Amino acid sequence: MTAADDKIIKPGATIGVLGGGQLGRMLALAGRNMGYRFVTLDPTEDAPCGQVADEQILANFDDVEAARKLAARSDVITYEFENVDAHVTNILMNESYVPQGSELLYTTQHRLREKRAIEAAGVPVAPYAEIGSAAELQEAVIRFGTPSVLKTATGGYDGKGQWVIRSLDEVEEAYETLNRAKTELVLEQFIHFDKELSVIAARSPRGEVKAFPAAENIHVHNILHQSIVPARIPVEVQQEAEQLAIRIAESLGVIGLIAVELFLTKDGQLYVNELAPRPHNSGHYTMEACRTSQFEQHVRAICNLPLGSTELLTPVVMVNLLGEHIEPLQSLIDQPGFLEAEDLGVSAKVHLYGKKEAKEKRKMGHINLLASNVQHALTWIERTSIWESK
């Protein structure tokens, strides 16, 4: 064991968070319950995390002096998004304690490096090819068939930085459009999946690893709409997905959380789609439905405390609230049968992120629906008018 493996950050210490969004907010709320203090760095005034932290450093993420200020105020530093400036990361690592390190960021910031790391862990990914020209793209599309998915190797989220190629006629335009990002491109064979799944795993410096129950995810317009737990899949598939996540966490030397997104085909094959080295939207269900939330688990992991139980206490459906859903929510939240639907045995736990402007398709919050079975929670969603505008 190295000195870092033995290092324990106990309650009362200050956790620095690079990024001030909703993930940082929920991380700070969980850590405050444990007695930690928080300082966050974000360029948005009154950012969601800044509203609940002890201090917000108002600066851009590439601001070197601001990064030094964050380092000076923190006993341990974590991040709530993975596109962290490499120069800033080096400063933080040299001047503070960043147990997650920079290697995992370097890997997951780039789709090609990420796929190679997943394969090195002995975990299957969808067939892919690095693309350097329109001619290479055409050859790869012919080899993989259509549809195929062209992606930028860096950046992109919620469907951005992607082009689903449905015919050879689209090859030239797809290449020219995504090549403007001035980064490598990767083509992925389209997986005709039966379900999309995800597993959140945690690993601490002492080497303890635990995975949360697999979630079944439903996307609308490339944005996560629902996470259903237990996933409606065979138990052995759930167990396999969780073991794959643990294998990746161990192989990549993860400290903190790693979110593993997977495709499940009709013949029962699992393919890893992508990774996120942080708390994840599809893990929000853990906040009320598990013995330990993903946010408390992340705090425990980066501080090298024993990891908490990931046991699922109740079936749950997490449903996202986007900008267009906030007005309908406000009109219904005080109505009988909304927060507590006694006929269905559903309890609705509302989480809003404190963002000032409710823009369309912007994640503003989520609701965890606790129920005796997931079908009752899904029935609650169907009869509630909030999501009709989606």
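That block above? That's the structure.
To start, this report covers the structure provided alongside it. Because the structure is predicted, anything quoted here is derived from the model rather than measured.

**Some thoughts on the layout of surface pockets**
Considering only enclosed or pocket space, the second largest pocket measures out at about 230 Å³ in volume. Considering the residues around the second largest pocket, the lining is formed by Arg25, Met26, Leu29, Ala30, Asn33, Met287, Ser293, Phe295, Glu296, His351, Leu352 and Tyr353. Residue assignment for the lining of the second largest pocket shows that the elements contributing at least two residues are α2 (22-33), α11 (294-302) and β17 (346-352). Top contributing element to the lining of the second largest pocket by residue count: α2, with five residues. When grouped by side-chain class, the residues that make up the lining of the second largest pocket number seven nonpolar, three polar and two charged.

**A short note on the sheet that holds strand β4 (residues 76-79)**
One open sheet holds the four strands; their spatial order is β3-β2-β1-β4, and the pairing between them is parallel. At either margin of the open sheet sits one strand with a lone partner, and together these are β3 (55-58) and β4. Averaged over neighbouring strand pairs, the angle between their axes works out to 20° when direction is ignored. Taken together, the four bridges between strand β2 (residues 37-42) and β3 define a ladder with parallel strand orientation. Across the sheet, residue Leu41 finds its bridge partner in β3, namely Ile57. Strand contacts of α2: β1 (14-18), β2 and β4, with the helix running at about 170° to β2, the strand carrying the most contacts.

**Here's the deal with the sheet that holds strand β7 (residues 162-165)**
Here we have four strands laid out as an open sheet, ordered β5-β8-β6-β7, and antiparallel in their pairing. Each edge of the sheet is formed by a strand with only one pairing partner; in this case those strands are β5 (128-131) and β7. Between one strand axis and the next, the sheet turns by 20° as a mean value, whatever way the strands run. In terms of strand pairing, β5 meets strand β8 (residues 185-189) through four bridges, oriented antiparallel. Opposite Ile131, over in β8, you have Leu185 as the bridge partner. Docked against the sheet, helix α7 (residues 134-144) engages β5, β6 (148-152), β7 and β8, running at close to 170° with respect to β5.

**So, the nonpolar core**
By size, the foremost hydrophobic cluster in this structure holds 33 residues, and its most contacted members are Ile248, Val260, Leu262, Leu270, Val272 and Leu275. By residue number, the principal contributor to this core is helix α9 (residues 235-251), which donates seven residues. Filtering out sequence-adjacent residues up to four positions away, Ile248 remains in contact with Ile118, Ala121, Val123, Val260, Val272 and Leu275.

**Some points on the packing of aromatic side chains**
Tallied over the entire structure, the rule returns four aromatic pairs. Between Phe193 and Phe263, the aromatic rings sit 4.8 Å apart at their centres with planes inclined by 5°, giving stacked as the arrangement. Residue Phe193 is located in strand β9 (residues 193-203), and its partner Phe263 is located in strand β13 (residues 256-265); the two are separated by 70 residues in the primary sequence. Considering the side-chain rings of Phe338 and Trp380, the 5.1 Å spacing of their centres and the 50° angle between planes classify their relative orientation as tilted. Residue Phe338 is located in the loop between α12 (326-332) and β16 (340-341), and its partner Trp380 is located in helix α13 (residues 374-383); the two are separated by 42 residues in the primary sequence. One aromatic cluster is present, built from ring pairs that chain together Phe338, Trp380 and Trp387. When the ring centre of Tyr97 is taken as reference, the NZ or CZ atom of Lys7 above it lies at 5.1 Å. Note that Arg113 overlies the ring of Tyr106, its terminal NZ or CZ placed 3.6 Å from the centroid.

Parameters and conventions
Residues numbered from 1 in each chain as written. Predicted model: local features only at pLDDT ≥ 70, side-chain atom pairs only at ≥ 80, totals over all residues. Heavy atoms only, no water. 1 Å grid on protein atoms, 1.4 Å probe; cavity = no way out; pocket = protein on both sides within 12 Å on 5 of 7 lines; lining within 4 Å. Points joined across faces, edges and corners; volume = space filled by probe spheres on them. Helix = DSSP H or I, 4+ residues; strand = E, 2+ residues; numbered from the N terminus. Nonpolar A, V, L, I, M, F, W, Y, C, P; charged D, E, K, R; others polar. Pairing = 2+ DSSP bridges. Axes fitted to C-alpha atoms, helices over the stretch in contact; angles between N-to-C directions. Contact = heavy atoms within 4.5 Å. Core = buried A, V, L, I, M, F, W, Y, C linked by side-chain atoms within 4.5 Å. Buried < 20%, exposed > 50% of the residue type's maximum accessible area, 1.4 Å probe, protein only. Phe/Tyr/Trp six-rings, centres within 6.5 Å; stacked < 30°, edge-to-face > 60°. Lys NZ or Arg CZ within 6 Å of the ring centre and 35° of its normal.

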